[in-house]
Structure formats: structure tokens, C-alpha cells
Amino acid sequence: MVQAYVFIQAAMGKPSAVAEALRKLPEVRSAVVVTGPYDVIALVEATDLQTLGRVITEKIQTIEGVERTLTSLVTGI
């Protein structure tokens with residue numbers, strides 16, 4: 001099992017909708033709206049790195065309002 005924090009820049013006025021859409025994905029453990037250079041932070045879990053990559057590129061990055069993502073793997077779990 002691998003986990004990663006995905007930092008998301010959203011379009012203006014879209015952070016809440018992006019977070020709501022993220023929470024509907026089974027791989028997303030949490031998604032919160034934050035302030036700062038990123039608008040939403042999501043904790044994502046997958047069985048392996050390849051699956052994690054597909055979740056990010058095929059599911060998260062295709063959500064309306066997502067403009068850019070940065071992924072940080074969690075270590076020590």
C-alpha cells in the first residue's frame with residue numbers, strides 16, 4: 001500500500017467543488033480546502049505506485065477545476 005499527499009491548485013471559485021469531487025473517489029482518504037499556494041490537499045491511497053499514478057492522472061487531474069497537482073509520497077508506513 002502506498003499513500004501520497006496531492007497538493008492541488010484549483011481554478012478560481014472551484015476549490016470546494018474540487019474537494020467535494022475528490023471525496024467521492026474511493027482512493028481518497030481525505031480532501032480539505034486550504035489557504036496558501038495550493039487550494040486543496042488530498043490524502044490518496046493505492047495498492048502500488050503504478051496505480052497511484054493512474055489515480056492522479058486519470059481521476060484527479062480530470063476533475064473540473066483542477067489546474068495543477070504536486071504529489072508527495074508518504075514514507076514510513
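Our structure is the block above this text.
Residues numbered from 1 in each chain as written. Predicted model: local features only at pLDDT ≥ 70, side-chain atom pairs only at ≥ 80, totals over all residues. Heavy atoms only, no water.

1. Observations concerning the overall build of the protein
To keep it simple, the criterion reads: Elements are defined by DSSP. Helices are runs of H or I of four residues or more, strands are runs of E of two residues or more, and each kind is numbered from the N terminus. Radius of gyration means the value over C-alpha atoms here, while the globule rule gives 2.2 Å times the residue count to the 0.38 power.
Each helix and strand counted, the protein has two helices and four strands in total. Listing each helix as α and each strand as β along the protein from the N terminus yields β-α-β-β-α-β. The C-alpha atoms of the protein give a radius of gyration of 11 Å, which matches the 11 Å a tight globule of 77 residues would have. The principal-axis extent of the C-alpha atoms belonging to the protein is close to 35 × 20 × 20 Å.

2. Let's talk about the environment of M1
By secondary structure assignment, the location of M1 is in the segment before β1 (2–10). C-alpha of M1 to C-alpha of T47: the two residues are 46 residues apart in sequence and 4.4 Å apart in space.

3. Some points on the sheet that holds β1
Stated precisely, the cut-off is as follows: Pairing between strands requires that DSSP locate at least two bridges from one strand to the other. In this description, a line fitted to the C-alpha atoms serves as the axis of each element, helices being fitted only across the stretch in contact, and the angle between N-to-C directions of two axes falls anywhere from 0 to 180 degrees.
Reading across the sheet, the four strands line up as β2-β3-β1-β4 and stay open at both edges, with antiparallel pairing between neighbours. Looking along the sheet, the strands with just one partner apiece sit at the ends: β2 (28–33) and β4 (66–73). Each neighbouring strand pair of the sheet contributes to a mean axis angle of 20 degrees, computed without reference to strand direction. Here β1 runs beside strand β3 (residues 40–46); their pairing, made up of seven bridges, is antiparallel.

4. Quick word on the packing of aromatic side chains
Within a pair of aromatic rings, the relevant descriptors are the distance that separates the centres and the angle that separates the planes. How we decide: Any pair of Phe, Tyr and Trp rings, taking the six-membered ring for Trp, is counted once the centres come within 6.5 Å. Such a pair is stacked with planes under 30 degrees apart, edge-to-face with planes over 60 apart, and tilted for the rest. Summary of the burial criterion: residues with accessible area below 20% of their type's maximum are buried, those above 50% are exposed, and those between are partly exposed, where the area comes from a 1.4 Å probe applied to protein chains only.
Within this structure, the stated rule accounts for one aromatic pair. Taking the centre distance of 5.6 Å and the plane angle of 55 degrees together, the rings of F7 and Y38 count as tilted. Separated by 31 residues along the polypeptide, F7 in strand β1 and Y38 in the loop between β2 and β3 bring together distant segments of the chain. A relative accessible area of 22% places F7 in the partly exposed class. Owing to a relative accessible area of 22%, Y38 belongs among the partly exposed residues under this scheme.

5. A look at helix α1 (residues 15–23)
Going by this rule: Taken from the helix axis, the directions to the C-beta atoms give the arc we talk about.
Residues P15, V18, A19 and L22 constitute the buried set of α1. For α1, the arc enclosing every buried residue in end-on projection is 100 degrees, short of the 170-degree limit, so these residues lie on one face.

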